[in-house]
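Descriptive analysis of the structure
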Amino acid sequence: MEETLKIIVLVKHVPDTQFDRHLNGEGYTTDRGESILSELDEYALEAALQLAEARGGGKAGNQVIALSMGPSGAVNAVKKSLQMGATEGVHLTDDALPGSDAAATSLALAAAIRHLGAGAPVDLVLTGMASTDGETSLVPAQLAERLGLPQVTFASSLEVDGGRLTARRDADTYSETVEASLPAVVSVTDQINEPRYPNFKGIIAAKRKSITTLSLSDIGVDPSQVGHAGSWTTVTSAEERPPRTAGTIITDEGDAGIKLVDFLAAQKLL
Amino acid sequence: MANVLIFIDNPGAALKKSSLELLTLGRSLGETAVAVNGDLGSGVSAAFADYGVSSVYRPSVQDLDDYLVAAKAAYLAAAVQAAGATTVLLDNSPEGKEIAARLGIRLSAGVITDVVAVDQDGTAHKSVLAGSYTTAAKTTTPVSVLTVKANNVAPEPAAGPSAPETTTIDVPADSTSAAARITSREQKVASGRPDLTDARIVVAGGRGLDGDFGPVEQLADALGAAVGASRAATDAGWISHDAQVGQTGKTVSPQLYISAGISGAIQQKAGMQTAKVIVAVNKDAESPVFEIADFGIIGDLFDVLPQATEEIKKRKG
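Residues numbered from 1 in each chain as written. Chains lettered and ligands numbered in written order. Predicted model: local features only at pLDDT ≥ 70, side-chain atom pairs only at ≥ 80, totals over all residues.

The next subject is the overall build of chain B. Within chain B, the secondary structure is distributed over eight helices and 15 strands. For a compact globule of 317 residues, the expected C-alpha radius of gyration is about 20 Å, and chain B comes in at 22 Å, within 12% of that figure. Expressed as lengths along the three principal axes of its C-alpha atoms, the size of chain B is roughly 60 × 45 × 40 Å. Counting the 317 residues in chain B, one finds 54% classified as buried. Long-range pairs, those at least 24 residues apart, make up 67% of the contacts in chain B with a sequence separation of at least 6. (Helix = DSSP H or I, 4+ residues; strand = E, 2+ residues; numbered from the N terminus. Rg over C-alpha atoms; globule rule 2.2 N^0.38 Å. Buried ≥ 20, exposed ≤ 12 C-beta atoms within 10 Å, placed from the backbone. Contact = placed C-beta atoms within 7 Å.)

Here you go:
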């Protein structure tokens, strides 16, 4: 294979889903106190690394750029990506960004991607299948529309050859194969690969890799276009749902199946 | 001019319940128009009249289904402009959300997903962070794009039928240039069970099944339920990945969720804790699922589930 690839992987730091999560402060944004690299983004990074390695890796000129947008904690997602094998890290951060909805987030990311593609064009933008916090899944599609690119979401396999990609998508009732020309925005599922763990060599190598910090002025975005001011949606109220409480718990004494059906009948669920 | 436009993709021979819900919700907000993709049969046209739709739009091309998302978004943007709509309603499927996403950028319109109710002033209600919060949200733009979850509105025809006019919308010629093309598609074998996301009852199994989903499937069939699974069960390959309920799978909020052999770690809870009634069966009395179960049975699911299945069959005669 002659071609080399320049791939941007969007990585996000999200609250660890093993703990309770909360909405805080002005605009009810998610509290990111205990944040980690989104587990779902590791699959995107692994897919990028495999595509690059099949073409000789970083030595042959392939680039895997981990891009994260967010406050200072977001840099941890970039560091972890460098340890896994990304060739470069980029942290987009600005005081005006917090509170951005999907539209504002995609605007900032699109500008950052254009900025990173100014020298050599970007071939692929890879993302995870969803963030584990916002859960709206809008950003990859909005990013593609802003960049005027095809989107291929929920890819469970991905091949690139001669400026085109082929991907497999699995829905509940069908499976399909899709093709698109590069550049394209692709989100991958947790079925596409088994992400690697950073090894000792990777951790040492990551220390020598640089992380570029970009602000909004670096990418030509006005602060009024992002954050709460630039968002097209606003959360007007948020209420914590009362926690569920335990009901009746019984131990099976040989008739629990019957009691289960009695319960369903009493709840009019039969 | 209609102010609410509803997108219905491939309505088929008869409208789905979720489509009727969108038509009913739309009518509560204003005059409704429908943008259809695919064949439009007489039964569907009649349903549009029954539900008081004022106009029906159809695309000038027949190949929108050959492309992923972008082409449908381009068509819908043109339909919104023709209708002069200020609210656009779509279903909350993954494709519905992605069409909404691209449409939002095309129209500079705010997009709100996972909506369960809409007030007269356009405030949309939804639950976030896996059901641990309910929020109210509004768009700040002239046009609002909302994707609405199924089973939250009771379908109701209009007081009097309408006589909708059909108009063809010219799909922009460049609509497919930024779209991935579908080159082949294979239908999966239908299970005959209801769709997991919309099912009224879900019976789900986990690690405790030890590879044998039989008891879960038999109980599901006795109840007319969908079958779900924990990540442990799908990762072990005991059941298709589509069945996974939880953080990295599907979020369900059925009337009844029966959890069998699932410990109920927070990742699984995230997918099902908005169910109306939760029943749990697990050997381990310490399983976290018992903290949220309305009815919990500490016992062997291989005894309890078959007994319940037999009892249901007996009572249903």
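Structure shown, so let's carry the discussion forward.
A few words now on the overall build of chain A. The helix and strand tally for chain A stands at seven helices and 15 strands. Within chain A, the proportion of its 270 residues that are buried is 50%. Counting contacts in chain A only where the partners sit at least 6 residues apart, residues at least 24 apart contribute 70% of the total.

Looking along the chain, the bond that leaves Leu182(A) and enters Pro183(A) is cis, with omega of -5 degrees. Within the element layout of this structure, Pro183(A) appears in the loop between strand S11 (174–181) and strand S12 (184–188). Non-glycine residue Asn10(B) carries a positive phi angle of around 45 degrees. You can see Asn10(B) is positioned in the loop between strand S1 (4–9) and helix H1 (17–29). One non-glycine residue, Ser108(B), lies in positive phi territory at about 50 degrees. Locating Ser108(B) in the fold gives a position in the loop between helix H4 (94–107) and strand S5 (110–118).

Okay, the interface of chain B and chain A next. Of the residues lining the interface, 73 residues belong to chain B; the matching set on chain A comes to 63 residues. Sorting the residues of the side of chain B that touches chain A by element identifies H4, S5, strand S7 (133–139), strand S10 (181–187), helix H7 (266–272), strand S14 (277–282), strand S15 (295–298) and helix H8 (301–316) of chain B as the ones contributing at least two each. Of the residues contributing to the side of chain B that touches chain A, the split by class is 33 nonpolar, 23 polar and 17 charged. As defined by bridge partners, strand S15 (residues 248–251) of chain A adjoins S15(B) across four bridges and the pair is classed as parallel. (Nonpolar A, V, L, I, M, F, W, Y, C, P; charged D, E, K, R; others polar. Pairing = 2+ DSSP bridges.)

Strand order across the open sheet formed by six strands is S15(A)-S15(B)-S14(B)-S13(B)-S11(B)-S12(B), with parallel pairing between neighbours. Looking at strand neighbours, the two that pair on one side only are S15 of chain A together with strand S12 (226–229) of chain B, the edges of this open sheet. Between one strand axis and the next, the sheet turns through 15 degrees on average, direction left out of account. Where H8(B) meets the sheet, it contacts strand S13 (256–260), S14 and S15 of chain B, and its direction lies at approximately 135 degrees from that of S14(B). (Axes fitted to C-alpha atoms, helices over the stretch in contact; angles between N-to-C directions.)

Within the largest apolar cluster, 137 residues are counted, with the highest numbers of intra-cluster contacts made by Ile7(A), Val9(A), Ala48(A), Ala108(A), Val186(A) and Leu5(B). For Val186(A), the contacting residues outside a window of four places in its chain are Leu124(A), Leu126(A), Val152(A), Ala155(A), Leu158(A), Leu165(A) and Ala167(A). Counting 48 residues, the second largest nonpolar core, distinct from the first, contains Ala256(A), Val203(B), Leu223(B) and Tyr257(B). (Core = buried A, V, L, I, M, F, W, Y, C linked by C-beta atoms within 7 Å.)

Right, let's get into the environment of Glu21(B). Residue and element names in this part refer to chain B. Inspection of the secondary structure assignment puts glutamate 21 in helix H1. By the C-beta count within 10 Å, which is 22 here, glutamate 21 ends up buried. Sequence spacing of glutamate 21 and glycine 261 is 240 residues, and the spatial spacing of their C-alpha atoms is 35 Å. Discounting chain neighbours no more than four positions away, the residues touching glutamate 21 are Ala150, Val153 and Pro155.

Our next topic: the environment of Leu67(A). Residues and elements named next belong to chain A. Tracing the chain through its elements places leucine 67 in strand S6 (residues 63–69). It is 8.3 Å that separates the C-alpha atoms of leucine 67 and lysine 12, two residues lying 55 residues apart in sequence. The contacts of leucine 67, once residues within four sequence positions are left out, are Ile8, Val9, Leu10, Val90, Leu92 and Ala112.

In this section: the confidence of the model for chain A. On average, residues of chain A carry a pLDDT of 89, and 89% of them reach 70 or more. Taking the mean pLDDT of every element in chain A, the minimum, 57, falls on strand S4 (residues 29–30) of chain A and the maximum, 97, on strand S1 (residues 6–10) of chain A. (pLDDT = per-residue confidence, 0-100.)

Between its terminal C-alpha atoms H8(B) stretches 22 Å, which fits the 22 Å expected from 16 residues at 1.5 Å a residue. Contacts from the buried residues of H8(B) go to helix H7 (256–266) of chain A together with helix H5 (214–223), S13, S14 and S15 of chain B. Positive backbone phi, approximately 70 degrees, marks Gly317(B), located one or two places after H8(B). (Expected span 1.5 Å × (residues − 1).)

Residue and element names in this part refer to chain B. One way to put it is that H5 packs onto H8 with a least axis distance of 9 Å and a crossing angle of 20 degrees. By the angle between their axes, H5 is roughly parallel relative to H8. When the axes of H5 and H8 are compared, the crossing they make is left-handed. On the side of H5, the interface is formed by Pro215, Val216, Gln218, Leu219, Ala222 and Leu223, while H8 contributes Leu301, Phe302, Leu305, Pro306, Ala308, Thr309, Ile312 and Lys313. For the contact of H5 with H8, a count of residues per class yields 11 nonpolar, two polar and one charged. (Parallel < 35°, antiparallel > 145°, perpendicular 65-115°, else oblique. Left-handed = near helix turned anticlockwise from the far one by under 90°.)

Turn by turn, an α-helix covers 3.6 residues, leaving residues three or four places apart pointing in a common direction. All names here are of chain B. Of all the positions in helix H2 (residues 42–50), only Val44, Ala47 and Phe48 are classed as buried. Looking straight down H2, one finds that the buried residues subtend no more than 105 degrees of arc, so they occupy a single side. In H2, the exposed positions angled more than 90 degrees off the buried face are occupied by Ser42 and Gly43. Elements that come into contact with the buried residues of H2 comprise strand S2 (32–37) and strand S3 (55–59). Phi turns positive, to about 75 degrees, at glycine 52, one or two residues after H2. (Arc of directions from axis to C-beta.)

What follows is about the confidence of the model for chain B. Looking at chain B, the pLDDT average stands at 93 and 99% of residues meet or exceed 70. For this predicted complex, the interface confidence reaches an ipTM of 0.86, while the overall pTM sits at 0.87.

Mapped onto the fold, Thr245(A) is located in the loop between strand S14 (233–240) and S15. Between the C-alpha atoms of Thr245(A) and Val221(A), which are 24 residues apart in sequence, the distance is 48 Å.

By definition, the strands of a sheet pair up through backbone hydrogen bonds, in either a parallel or an antiparallel sense. What the 10 strands build is an open sheet, ordered S14(A)-S7(B)-S6(B)-S5(B)-S8(B)-S4(B)-S1(B)-S2(B)-S3(B)-S9(B); its pairing is mixed. The outermost strands of the open sheet, each flanked by one partner alone, are S14 of chain A together with strand S9 (165–169) of chain B. On average, each strand axis in the sheet is tilted by 35 degrees relative to the strand beside it, whichever way the strands run. Bridge count for S1(B) against S2(B) is six bridges, and the pairing is parallel.

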